[in-house]
Amino acid sequence: MRERCERCGAETPHDVRLEIRTESAASENAAFSREPYRVAACRRCGDESSTRMNDA
């Protein structure tokens, strides 16, 4: 998949994956604070960006 890379300044190939991240450091709330994130990594320079899917 090709996306704009801010570091490269061009449209470059990216690897895209979904991650479930825990947003709360408190252990009793950790089970309720998981959110999906879209993570894109530039294949050229390795720069990685993430977007919280509920905010997209």
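Reading the values: the criteria
- Residues numbered from 1 in each chain as written.
- Predicted model: local features only at pLDDT ≥ 70, side-chain atom pairs only at ≥ 80, totals over all residues.
- Heavy atoms only, no water.
- Helix = DSSP H or I, 4+ residues; strand = E, 2+ residues; numbered from the N terminus.
- Buried < 20%, exposed > 50% of the residue type's maximum accessible area, 1.4 Å probe, protein only.
- Contact = heavy atoms within 4.5 Å.
- Areas by Shrake-Rupley, 256 points an atom, 1.4 Å probe, with all protein chains shown as cover.
- Pairing = 2+ DSSP bridges.
- Polar contact = N/O pair within 3.5 Å; in protein donor to acceptor, adjacent residues only side chain to side chain.

## Comments concerning the overall build of the protein
Moving on, step 1. Across its full length, the protein carries zero helices and four strands.
Moving on, step 2. Along the protein, helices and strands appear, N-terminal first, in the series β-β-β-β.
Moving on, step 3. For the protein, buried positions account for 20% of its 56 residues.
Moving on, step 4. Taking the contacts inside the protein whose residues are at least 6 apart along the sequence as the reference set, 32% of them involve residues at least 24 apart.
Moving on, step 5. A total accessible area of about 4,100 Å² is found for the protein, and carbon and sulfur atoms account for 45% of it.

## Points about the pairing of strand S4 (residues 48-52)
Moving on, step 1. When strand S3 (residues 34-42) meets S4, the two strands line up antiparallel, connected through five bridges. The partner of alanine 40 across the bridge, within S4, is serine 49.
Moving on, step 2. Connecting S3 to the next strand, S4, in antiparallel fashion are five residues, including glycine 46 with a positive phi near 90°.

## Digging into the side chain of histidine 14
Moving on, step 1. Relative to the helices and strands, histidine 14 resides in strand S2 (residues 10-22).
Moving on, step 2. Histidine 14 sits in the buried class, given a relative accessible area of 6%.
Moving on, step 3. Side-chain polar atoms of histidine 14 contact the backbone oxygen of threonine 12, separated by 2.9 Å.

## Focus: the pairing of S2
Moving on, step 1. Where strand S1 (residues 2-5) lies against S2, four bridges are found, and the strand directions are antiparallel. Note that in S2 the partner of arginine 2 across the bridge is proline 13.
Moving on, step 2. Here S1 hands over to S2 after four residues, with glycine 9 in that stretch at a positive phi of 75°.
Moving on, step 3. Sheet topology note: the S2/S3 ladder contains nine bridges and is antiparallel. By the bridge assignment, arginine 17 is partnered in S3 with valine 39.

These figures capture arrangement, not role.
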